[in-house]
Protein chains: 6
Amino acid sequence: MKNFLYPKINPSSFMWVRPEHGVVSKVHEWIQPLSDMSDLERAKNAEVVILGVPLSRSSISASGASEFPEAFRRSWRGFATYNLDEDVDLAEMTVLDVGDVPMHVTDIGKCHENIIEASAAIHAHFLNSKVCAIGGDHSITAMMVKGMHQAKPAETIGILQFDTHFDLRDMSENGPSNGTPMRNLIESGVVEGSNMYNIGLHGFFNTKDLKQYADEKRVNYFTLRSARKKGIEETVLHCLDKLSSKVDTIYLTVDMDVLDIAYAPGVPASTPGGMTTAELLEGVLTAGKHPKVKAMDIVCLDPLKDTAVQPTVKLGTHIFLTFLTGVMLRQNASI
Amino acid sequence: MKNFLYPKINPSSFMWVRPEHGVVSKVHEWIQPLSDMSDLERAKNAEVVILGVPLSRSSISASGASEFPEAFRRSWRGFATYNLDEDVDLAEMTVLDVGDVPMHVTDIGKCHENIIEASAAIHAHFLNSKVCAIGGDHSITAMMVKGMHQAKPAETIGILQFDTHFDLRDMSENGPSNGTPMRNLIESGVVEGSNMYNIGLHGFFNTKDLKQYADEKRVNYFTLRSARKKGIEETVLHCLDKLSSKVDTIYLTVDMDVLDIAYAPGVPASTPGGMTTAELLEGVLTAGKHPKVKAMDIVCLDPLKDTAVQPTVKLGTHIFLTFLTGVMLRQNASI
Amino acid sequence: MKNFLYPKINPSSFMWVRPEHGVVSKVHEWIQPLSDMSDLERAKNAEVVILGVPLSRSSISASGASEFPEAFRRSWRGFATYNLDEDVDLAEMTVLDVGDVPMHVTDIGKCHENIIEASAAIHAHFLNSKVCAIGGDHSITAMMVKGMHQAKPAETIGILQFDTHFDLRDMSENGPSNGTPMRNLIESGVVEGSNMYNIGLHGFFNTKDLKQYADEKRVNYFTLRSARKKGIEETVLHCLDKLSSKVDTIYLTVDMDVLDIAYAPGVPASTPGGMTTAELLEGVLTAGKHPKVKAMDIVCLDPLKDTAVQPTVKLGTHIFLTFLTGVMLRQNASI
Amino acid sequence: MKNFLYPKINPSSFMWVRPEHGVVSKVHEWIQPLSDMSDLERAKNAEVVILGVPLSRSSISASGASEFPEAFRRSWRGFATYNLDEDVDLAEMTVLDVGDVPMHVTDIGKCHENIIEASAAIHAHFLNSKVCAIGGDHSITAMMVKGMHQAKPAETIGILQFDTHFDLRDMSENGPSNGTPMRNLIESGVVEGSNMYNIGLHGFFNTKDLKQYADEKRVNYFTLRSARKKGIEETVLHCLDKLSSKVDTIYLTVDMDVLDIAYAPGVPASTPGGMTTAELLEGVLTAGKHPKVKAMDIVCLDPLKDTAVQPTVKLGTHIFLTFLTGVMLRQNASI
Amino acid sequence: MKNFLYPKINPSSFMWVRPEHGVVSKVHEWIQPLSDMSDLERAKNAEVVILGVPLSRSSISASGASEFPEAFRRSWRGFATYNLDEDVDLAEMTVLDVGDVPMHVTDIGKCHENIIEASAAIHAHFLNSKVCAIGGDHSITAMMVKGMHQAKPAETIGILQFDTHFDLRDMSENGPSNGTPMRNLIESGVVEGSNMYNIGLHGFFNTKDLKQYADEKRVNYFTLRSARKKGIEETVLHCLDKLSSKVDTIYLTVDMDVLDIAYAPGVPASTPGGMTTAELLEGVLTAGKHPKVKAMDIVCLDPLKDTAVQPTVKLGTHIFLTFLTGVMLRQNASI
Amino acid sequence: MKNFLYPKINPSSFMWVRPEHGVVSKVHEWIQPLSDMSDLERAKNAEVVILGVPLSRSSISASGASEFPEAFRRSWRGFATYNLDEDVDLAEMTVLDVGDVPMHVTDIGKCHENIIEASAAIHAHFLNSKVCAIGGDHSITAMMVKGMHQAKPAETIGILQFDTHFDLRDMSENGPSNGTPMRNLIESGVVEGSNMYNIGLHGFFNTKDLKQYADEKRVNYFTLRSARKKGIEETVLHCLDKLSSKVDTIYLTVDMDVLDIAYAPGVPASTPGGMTTAELLEGVLTAGKHPKVKAMDIVCLDPLKDTAVQPTVKLGTHIFLTFLTGVMLRQNASI
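These numbers were taken from a predicted model, which means no experiment stands behind them. (Residues numbered from 1 in each chain as written. Chains lettered and ligands numbered in written order. Predicted model: local features only at pLDDT ≥ 70, side-chain atom pairs only at ≥ 80, totals over all residues. Heavy atoms only, no water.)

Colleague: Which residues make up the side chain of Ser-66 of chain F, and what values do they have?
Modeller: Tracing the backbone through its elements, the reader meets Ser-66 of chain F in the loop between strand S2 (48–53) and helix H3 (68–75). Separated by 2.8 Å, the side chains of Ser-66 of chain F and Glu-67 of chain F make a polar contact. Ignoring sequence-local partners within four residues, the contact set of Ser-66 of chain F consists of Ala-62 of chain B together with Pro-54, Leu-55 and Ser-56 of chain F. (Helix = DSSP H or I, 4+ residues; strand = E, 2+ residues; numbered from the N terminus. Polar contact = N/O pair within 3.5 Å; in protein donor to acceptor, adjacent residues only side chain to side chain. Contact = heavy atoms within 4.5 Å.)

Here it is in structure tokens:
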């Protein structure tokens, strides 16, 4: 099958492996490139679709987050498809990798348009799939959500956000940079502030005017301290309950800077006093189980900053697989 | 206003920023160099005074802790003045940066004298300010306290110390090195052992004779294990209560090596099995709220050892801002 | 005393220090090279014997774990013999360092034989000592246990394993590599699967067929999640109770990759979502207290990958000293 | 004096030092910020004007070259104004630092416009000064030259380029990226191909079609091998002679990737087989002496990639000072 | 076409790119995987065949040279096929990448056998191709040459070696390690000592007994100093002349440690005082032009040690392409 | 033999190796610790005596040069005693390692006194040996020379210095720091300015007033450019001739910062445009051959800054061995 989404999406340069005897046990043997699929019907019903979004020119500080999609795929080799904690084998699901959104070197507006188009094309084509965008910086979230909105204009969208920051900066300062995705969505009317739920704010990493803007727009948020008091799982469930009573679709965005900087040496914007790995994994698993969570992204991870054994890249991949575990547990429960 | 403390203190080489429209939202827009202040009365009533103490030649092992004052100031750009957890804006307080104590390249005794003089001058001039010394290695603590004592000889002083070590080594070995500040203060009669409270000892990082000396001098200490059992906040409150019944002024010293080495990759003396970031921030906030805590320092952080995204430098700054949050919460509570 | 185990073991190139006044306070002043001991009787009754096993050619991925024995000894300088948490001084015990197993550059089978021989010789000679092997990769565990079995064929052996992995890979693939030690022991009949207890499995790091093999061979395991629910100490005690009712001797193997990768930046195979330092130390202390735990090893730590302040090397040494603390607490309790 | 070029140029955040006794001996004591100058006439006659151009979003690969202007200024502290080889003291010249071109985070077109405007303003104001642009990536060269052309439309411009590459890529692919500056100038009619002289091409770093384009446009070039055979100084003199017979003004552009990668560990695009440091310094000194060389730039140096002692940053600064030495030797010769 | 050499050789995991419009300009668009070739006749007549040999377990010190074949292929993207110095386009030749020799994890003897078999199969099949082995450590040279000998037993073989070392260590010490390939070939009777020519010895990096062995076996060598005096090109031509009068086939082996350590930060065994990049490139180009040089290898480059911009990996690839340039110049000259 | 110089000198912590069969081939098997020598007469006639001087607190910038003596000894393992270029085996000479000068942690004056005393003791005891001091920073040179002067007050001393700097800074600024050794010796009357010969000055690394001071004191110097024009060997011979006509003894000091920073990534004060490795080795070999050169040092090498394969540490050791080669060639020539 040719890549019918072409030219909106470039095939990835990663080389998938077909295991010799047909037994899949590692992630790189399981996830398949769209361009290789010959069974179009099976493709359309893939449980999960991955889209690489290698853009980080839009970051306020110099960032190599554009390199994460490639590092993400390369790390698959180190993960089994089988999850021992939950005793489920992800390989029972079909996961397609459609490749990367093509980027322009000097025209960031064009990059953003490409992301919107790619997102719209994927959401239009894969009606029942979970769409996972691998960033890139946080500016891509606004574009992914806009694309989803374009594809399904009748559906209202809500957002569950793990983040140390509001990401509600004024776009008139620096344009649609990585500090602005939530404001972008509010101002463009795609998502209402009251349909946004942020978990993980803490410390000195948001200016007061951003909080005031958030309050004005009725953005919901749980500081990390309050989420810990209530329990991470309970907090996430609370947000999902609220959201699912108000919107048709929920988009999950994981800004890796929500993690404490000790757990995320490859995330330049991470800070002291953030989430632990265990907390974030718990939160993402809970979100993955919810049927209305139809799309997600992982952003702001810069593999070029990581230490020698690549703890942050591995963690990014682990978060993705944990989301999928949630999806599968839900499926199994529904049968 | 000229720097009336000159020549005891060099102005910092950091460049402060005055925001264009007068709205302060980032730390580097807020903290002001003394040399720029024209309103002398306002200066004298600053809530907080920062003094850089770039000395690490006195460290037993080669150390770049002398570079922390500069790295500390440079990191301000990444912090808002607004604390979301407590909903307070530190920018309502006045914080002065008086610069760095001048150091001699080859005469460490002279360096130590300079610190004492600078500390005495500041404590004499800023009678109502919290004085924050940014080290440098732990030898500076003895000098800062001696200076405070010189300025206010009638007041008794107690110490609250977060540390993996006693820092009670014998000065006859290596002189007043970074292993000795507490002993230095005991032997010089400036602080009684019974007015010292250490939180954070653990593992194999203190020889038995130091513990025996501590017991002899009635130094008080809580191992990290016992502090965890009691609760960090409760332990700190207990120490502050005891101290405030016995002394006029409390000096808080934060040796960054109290942290588990996973949280402090830029602290050569940190160890496995130490405090988490969350625990230390809780302890410092509690101390900041106490009215008798009039001075503090942060020591033994070597920015040259930090990993790419500078987790330890950011944590050092976070600890400082957390202390100030305590100060402000107390002020607000008193009104 | 000449090294009577020669040529099976090379003396280490580390230089031990005899403190001037006979007062031992640091680890490098305390642990003694066998080749220096003149009192043979005292040597034979040493509480603990250390053996370096610098082999990592047998690792599936390129590894520098062969450098850990040297890094381990070099780090002693940073540790006191006195444990403040437990108020015991390890220096009351005699600990011998017999040196390193000699390795062949190109014949890994020969390396493995050398380890078996060295282990057998040590277990035959030091009948009452705890034998601690410092790896090296995990393939050495099978060899150390085989050597113990050779020396005392009448005794049944059980294994307590801290690990993120089963290490039950099929040897027909890659020979006795670091992924195979447990299977090697089962297949060679040295240890029964039902006498193996693994603590720490989690996430996506074991393929499904390994779990099936484990179940078939009745290998016992606690996922990290279940161990946390029960309590680490309780889980370890449970395993030790079960084992001590079934076997004569327990071998403890600590694969450093059981740790969360944030705590172990020098362990290439460590993963996100693993144990914290505090949890592992608690587990090892508990194991050290059990009288049937006669031997242990620490494996898969690659010092060449560590960050600047060597957090992982220090942690490896801390684990060893924590095991010894358990041994000593037991001794004191028995008196 | 206020910055009369504002708002086209931001003052630098670097802190200049006024030496206490008026004796200037280090570079950071000598170069002066424009915003501090009170003597406007003296300013206009400054021999040299520095402009920071912190743009690297326009690079094809992720680049931190935007950080070079700041690293450049910070490195001044390590350089004397006195050149011992030539026995001249640069401090006899006036050098102004006008600050950095303001950049937009997400609109690269706007960045490029800002550079053109800033260049035009500077060339219009400082009629007799050498203008030195500190990049940033190579895309800035086209903008700096266009600005010069705007300010002095009647003057023809020629280019002397040290580079491993032609930098003649097709702009329709990626817009005005770092691979295109020379083509940009040709296609916009600002500089004719026959008035471009490239020194340093070698190896496998230019595709054949670029050479064909170069030949078509009559771009002149000397491979490194041919330049070495002729002598670097002789080659440069030859190019300058040719140029000065054809154009009014010569612009020198130094792409740091002309250097062999062993000399430039902080230049991602540098290659094996390039120039030595000594050769490049010889070439730049020769160019500095030529009266028609009125402007220059240094580009594509990424300080974030440099090794610990910052060899590449220091080399960038050395190249700048060597150019100034040429300027001064010419001045002295003319007197 | 299936890989008819299977299972002796694994296809590489590198993803080749077919340029859209058929115009090849970069190396990764040009070199083709054997497994993709449908025109068997064209394959058999490929001018060059590449074989990856990812073995470094046989190194005396821990080494990551096994990672070079992958790093080598990944670096192709940064190289054009066009050589500007010589004005030739390598893309006019056919170059096949047959993939990597499969390695066993714990049985180094088996690895060595696999290399011999793979070499023999390639030399038997590609009768007119230059065979380029990409190591791996230097032990592979003995195996590659033995395989060539197996395939063509009637031909005598000579060796041209660029190396800082003799590589004549006694195999009885450590087996066929990376210090032994030349002795291995002498002792196995495959190559006579008098048919070996070593260029690049210098300093303190060979023990006296090795020199004595070399003299005994009539191995020829030029120290770097003598080669410089004579001229690198002249020295290489001299060796090739001598060899071609004595043997049927010449094997070129480039041990990257021949380079001065300043040029080879990713070669652990490189030393101060070695060759410059320019000298080695000159030597390899000269060798590539000689018709009797039928096979070559590049060994002992450890990409895990390289600095941030990967100077050594790029240099390894440059050496390979320079050899091919020699081959092509010869071809063109012969037409 | 006890260390009769005790307590002025601490035995090194390095472990020397006695080869099993008495055949010495590596440097660490050859150099012997004084404390092990039983033959006192042989010791006194050792051709060479090594003294470690681990002091870098006296550096103007934070430095780890104190770690070089240990890194130097550790690197011996990588060097043969046999020099292939000159066909001499250094193992025919006796070289003693007397250990390290003891340092005080906080009293630099005391450190300097210890160096003087140690130097005096060694020069008094080893009347015919070449004394090699391994620094440490450049401040130690003044102390080593003063000690030599104390031991032999009747002899006049001259200095041959390889350095990018004059090292003639005013001691009233920062005391006897690493910028002052030559001035220290002039002002203390130990060496006359006219008996100092500096080779290697270049670029912007000396302020004009230092040159004026040098001229005033008649210090002799050759810039690197002039030395290259004349030839390095010729320049060194010229300086040695001049010196030997005027003084009794010549002291050679090698400041590693004379090297181009590309060759010395572990020397923080090295600069672009300095010497190549080959040039420095040529210079040192020539100096080693001169009979009046009785002492030397190697300073300002910071192993903590070096890159992964330790090029600078290896180069430091190579320089030392090259000096010894000169000594031996002279001896052989005199026989």
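Colleague: Summarise the relation of the copies chain C and chain A; cite the residues concerned and give the values.
Modeller: With an RMSD of 0.1 Å, chain C superimposes on chain A once it is rotated by 121° and translated 0.0 Å along the axis. Taken together, the rotation angle and the small translation identify this as a three-fold axis. Nearest to the rotation axis, the C-alpha of Ala-262 of chain C is located 3.7 Å from it, this being the minimum over chain C. Looking at chain C, a mere 12% of its interface residues are interface residues in chain A too, so the copies touch through different faces. (Least-squares fit on C-alpha atoms with pLDDT ≥ 70 in both.)

Colleague: Describe the sheet that holds strand S9 (residues 220–223) of chain F, naming the residues involved and giving the relevant values.
Modeller: Residues and elements named next belong to chain F. Taken in spatial order, the nine strands line up as S1-S5-S2-S6-S11-S10-S7-S8-S9 in an open sheet, and their pairing is parallel. At either end of the open sheet lies a strand with only one pairing partner, and these are strand S1 (32–33) and S9. Here helix H4 (residues 108–125) sits on the sheet and contacts S2, strand S5 (95–100), strand S6 (130–135) and strand S11 (293–299); the angle it forms with S2, its principal contact strand, is near 170°. Helix H5 (residues 139–151) contacts S2, S6, strand S7 (157–162), strand S10 (249–255) and S11 of the sheet and is inclined by roughly 165° relative to S10. (Pairing = 2+ DSSP bridges. Axes fitted to C-alpha atoms, helices over the stretch in contact; angles between N-to-C directions.)

Colleague: Any details on the interface of chain C and chain A? Residues and values, ideally.
Modeller: If you look at the interface, chain C gives 24 residues, while chain A gives 29 residues. Together chain C and chain A conceal approximately 2,200 Å² of surface at their shared face, both sides included; 67% is due to carbon and sulfur atoms. For the interface between chain C and chain A, the tally reads one salt bridge. The partner of Glu-86 of chain A in a salt bridge is Arg-225 of chain C, and the shortest N-O contact between them spans 2.8 Å. Linking chain C with chain A are six residue pairs in polar contact (both at pLDDT 80 or more), by the criterion used here. Per-class residue counts for the side of chain C that touches chain A are 11 nonpolar, eight polar and five charged. (Buried area = accessible area lost by both parts, 1.4 Å probe. Salt bridge = Lys/Arg side-chain N within 4 Å of Asp/Glu carboxyl O. Nonpolar A, V, L, I, M, F, W, Y, C, P; charged D, E, K, R; others polar.)

Colleague: With reference to specific residues and values, describe the environment of Ala-154 of chain C.
Modeller: Its place among the elements puts Ala-154 of chain C in the loop between helix H5 (139–151) and strand S7 (157–162). On a C-alpha basis, the gap between Ala-154 of chain C and Leu-51 of chain C in space is 23 Å, while along the polypeptide they are 103 residues apart.

Colleague: Describe helix H12 (residues 311–334) of chain B, listing the residues and the values that go with them.
Modeller: Along an α-helix, a turn takes 3.6 residues, which lines up residues three or four apart on a common side. Counted at 1.5 Å a residue, the expected span for H12 of chain B with its 24 residues is 34 Å, and the 35 Å between its end C-alpha atoms agrees. Extensive coverage of H12 of chain B is indicated by the burial of 19 of its 24 residues. (Expected span 1.5 Å × (residues − 1). Buried < 20%, exposed > 50% of the residue type's maximum accessible area, 1.4 Å probe, protein only.)

Colleague: Which residues make up helix H11 (residues 277–288) of chain D, and what values go with them?
Modeller: Between the first and last C-alpha of H11 of chain D there are 16 Å, a value that for 12 residues agrees with the 16 Å anticipated at 1.5 Å per step. The elements touched by buried residues of H11 of chain D are strand S7 (157–162), helix H9 (224–230), helix H10 (232–244), strand S10 (249–255), strand S11 (293–299) and helix H12 (311–334) of chain D.

Colleague: Could you give an account of the interface of chain D and chain F, with specific residues and numbers?
Modeller: With 29 residues of chain D at the interface, the matching set in chain F holds 25 residues. A buried area of about 2,200 Å², summed over both sides, lies between chain D and chain F, and 66% of it is on carbon and sulfur atoms. The largest per-residue losses of area from chain D upon contact with chain F belong to Tyr-82, Leu-84 and Asp-85 of chain D, which jointly make up 29% of the total buried on that side. Counting every contact that joins chain D to chain F gives one salt bridge. Linking chain D with chain F are six residue pairs in polar contact (both at pLDDT 80 or more). Elements with a contribution of two residues or more to the side of chain D that touches chain F: strand S3 (82–83), H11 and H12 of chain D.

Colleague: I'd like a rundown of the relation of the copies chain D and chain F, residues and numbers included.
Modeller: Both copies of the chain are related by a screw-like operation: a rotation about an axis and a shift along it. Superposition record for chain D on chain F: RMSD 0.1 Å, screw rotation 120°, translation along axis 0.0 Å. In this assembly the copies use different faces: only 10% of the residues contributing to the interface of chain D also contribute to that of chain F.

Colleague: Any details on the sheet that holds strand S1 (residues 32–33) of chain D? Residues and values, ideally.
Modeller: Residue and element names in this part refer to chain D. Judged by pairing direction, the sheet is parallel, and its nine strands sit side by side in the order S1-S5-S2-S6-S11-S10-S7-S8-S9 without closing on themselves. Only two strands of the sheet have a single partner each, and these edge strands are S1 and strand S9 (220–223). Pairing of S1 with strand S5 (residues 95–100), which is carried by two bridges, proceeds in the parallel orientation. The partner of Gln-32 across the bridge, within S5, is Leu-96. Of the strands in this sheet, strand S2 (48–53), S5, strand S6 (130–135) and S11 touch helix H4 (residues 108–125), which is tilted by about 170° from S2. Sheet strands touched by H11: S7, S10 and S11. Its angle to S7, the strand with the most contacts, is close to 160°.

Colleague: Explain the pattern of salt bridges to me, and be specific about the residues and the numbers.
Modeller: Under the criterion given, the structure shown has 49 salt bridges over all chains. The partner of Glu-187 of chain A in a salt bridge is Arg-183 of chain A, and the shortest N-O contact between them spans 3.0 Å. Pair noted here: Glu-187 of chain A and Arg-183 of chain A are both in helix H7 (residues 181–187), with a separation of four residues, about one helical turn. Between Asp-302 of chain C and Lys-305 of chain C there is a salt bridge, with the nearest N and O atoms lying 3.0 Å from each other. A residue is classified by how much of its surface remains accessible, and Asp-302 of chain C, at 1% relative accessible area, is buried.

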